[in-house]
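Okay, here's what each chain looks like letter by letter:
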Amino acid sequence: MEQEKVNGNKEPSAEASSYRCSACHGDEDWGLGHPLRGRAKSRSLSAAPVLASAREFRRTRSLHGPCPVTTFGPKACVLQNPQTIMHIQDPASQRLTWNKSPKSVLVIKKIRDASLLQPFKELCAYLMEENNMIVYVEKKVLEDPALLSDDHFGPVKRKFCTFREDYDDISNQIDLIICLGGDGTLLYASSLFQGSVPPVMAFHLGSLGFLTPFNFENFQSQVTQVIQGNAAVVLRSRLKVRVVKEPRGKKVAVPNGISENGVLAAGLDVEIGKQAVQYQVLNEVVIDRGPSSYLSNVDVYLDGHLITTVQGDGVIVSTPTGSTAYAAAAGASMIHPNVPAIMVTPICPHSLSFRPIVVPAGVELKIMLSPEARNTAWVSFDGRKRQEIRHGDSISITTSCYPLPSICVRDPVSDWFESLAQCLHWNVRKKQAHFPEDEEDADEEGGEERAGS
């Protein structure tokens with residue numbers, strides 16, 4: 001079997017991210033993670049009974065999702081494990097390595113938080129003076145009055161490289177990302193990179209911190225270990241979302257060719273006159289009823305087949321990483337980020353039987369307003385870029401081949417359960433008291449008496 005190679009940073013198609021088996025009549029494609037790759041081929045459930053028409057029903061995309069791109073930014077990648085089975089590694093064995101030493105780092109700081117000013121200063125000074133690294137920060141971070149009035153920080157401040165969100169593309173200039181704050185800083189980092197994402201090291205300096213495992217007390221040694229390539233990494237899958245809208249006769253200003261961190265997937269489609277914008281989403285896509293008092297009424301398609309109509313407050317389509325966010329509050333199960341899956345969770349459905357479901361990572365979901373819908377719907381991506389969806393518009397969602405590599409304190413499994421316990425207090429309750437010894441002895445004696453009689 002021969003794997004199709006993907007050149008450059010171009011996203012592989014459904015065919016390019018699969019193996020082609022010459023033993024299966026030369027034309028059957030198996031996904032990289034297909035459990036039957038290399039074995040006898042099983043019969044497709046959707047195949048017609050007539051052999052001649054089997055080709056018409058052949059599935060064109062893998063249910064197991066695309067093989068994630070394991071190069072992160074210009075210099076980082078996953079250390080290959082020789083014992084890897086197919087393309088799926090043991091989560092505990094995924095280690096970060098560098099092709100070259102990292103030289104540039106993006107520091108993301110929670111805005112308008114005075115408690116983060118001192119950690120921010122210490123980290124930036126350490127990166128510049130001790131490690132001789134180029135530090136990028138968002139321009140509005142340095143506009144904080146407390147930083148502007150700090151004369152001692154002036155020499156360090158002059159060395160920063162700054163950028164503006166939605167205007168400056170820094171995706172090919174960053175080797176490492178360090179976040180100071182809560183989970184929102186990690187979501188913001190994801191939104192800045194619509195393709196390959198550099199490794200992300202997140203310090204817990206916010207309120208919840210489910211996605212930020214590092215403590216800042218001993219940041220020097222931890223940052224040094226990461227720079228040296230001595231760290232475990234978890235690949236958090238993202239969703240590739242394509243929003244197609246009917247023209248409304250209103251032009252949208254697009255600064256520098258980028259529409260609010262969304263990539264213009266195809267610009268204006270001349271044939272059908274629609275505009276398509278693409279997003280990379282780390283947590284979830286939320287479609288809701290917005291300000292309307294009516295139920296939302298949206299159709300959900302899976303690989304082109306209508307599977308259900310959501311009637312309720314809305315629906316959440318989330319990654320395993322997002323399963324512990326909004327989806328968990330809506331009643332969904334919590335899924336480890338290494339599980340290849342997409343979750344579909346209704347929000348207050350008008351049906352008691354509508355339970356959350358988990359579908360394979362490789363499927364494509366398409367959501368549209370139902371013809372009977374009384375009102376429009378609204379969509380947001382990781383809580384941002386909220387916009388209205390009207391009749392004729394569509395939202396296509398599938399697993400992206402560009403995951404977010406999140407650096408771990410220990411390993412992906414231990415860190416996840418630690419976050420469940422510390423942040424969500426998962427299964428925390430007072431232990432049941434055991435029986436006193438005298439009661440246990442009395443129970444045993446009573447049992448012997450009953451047996452003797």
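Just so you know, these numbers come straight off a predicted model, no measurement behind them. (Residues numbered from 1 in each chain as written. Predicted model: local features only at pLDDT ≥ 70, side-chain atom pairs only at ≥ 80, totals over all residues. Heavy atoms only, no water.)

(A) Up close: unusual backbone geometry. Located in the positive-phi region is R112, a residue other than glycine, with phi close to 60 degrees. With respect to the helices, strands and loops of the structure, R112 is situated in the loop between β7 (104-109) and α1 (117-130). (Helix = DSSP H or I, 4+ residues; strand = E, 2+ residues; numbered from the N terminus.)

(B) Fine view of the side chain of R238. Of note, R238 is situated in the loop between β12 (233-236) and β13 (239-245). No salt bridge is formed by the buried R238. Its closest oppositely charged neighbour is D382, at 7.2 Å. A polar atom in the side chain of R238 sits 3.0 Å from the backbone oxygen of S190. There is a polar contact of 2.9 Å between the side chain of R238 and the backbone oxygen of Y402. (Buried < 20%, exposed > 50% of the residue type's maximum accessible area, 1.4 Å probe, protein only. Lys, Arg positive; Asp, Glu negative; His and termini not counted. Salt bridge = Lys/Arg side-chain N within 4 Å of Asp/Glu carboxyl O. Polar contact = N/O pair within 3.5 Å; in protein donor to acceptor, adjacent residues only side chain to side chain.)

(C) Molecular detail of the environment of G206. Residue position: G206 is located in the loop between β11 (200-204) and α5 (219-227). Along the primary structure G206 and G184 are separated by 22 residues, whereas in three dimensions their C-alpha atoms are 8.8 Å apart. When sequence neighbours within four positions are dropped, the list of residues in contact with G206 reads G181 and G182. (Contact = heavy atoms within 4.5 Å.)

(D) How the structure looks around the sheet that holds strand β6 (residues 95-98). Read from one edge of the open sheet, three strands run β4-β5-β6, paired in antiparallel fashion. Two strands lie at the open edges of the sheet, namely β4 (71-72) and β6, each paired on one side alone. Sheet topology note: the β4/strand β5 (residues 76-79) ladder contains two bridges and is antiparallel. Bridge pairing in β5 links T71 to C77. (Pairing = 2+ DSSP bridges.)

(E) The arrangement of the nonpolar core in detail. The biggest cluster of nonpolar side chains holds 38 residues, and the ones touching the most others in it are V107, F120, F160, I178 and V223. Of all the elements, α1 adds the most residues to this core, at seven residues. With residues near it in sequence (within four places) discarded, F120 still touches V107, K109, V137, V141, L142, L147, F153, F160 and L180. Counting residues in each nonpolar core, the second largest holds 29 residues, with Y279, V359, V379 and I395 among its members. (Core = buried A, V, L, I, M, F, W, Y, C linked by side-chain atoms within 4.5 Å.)

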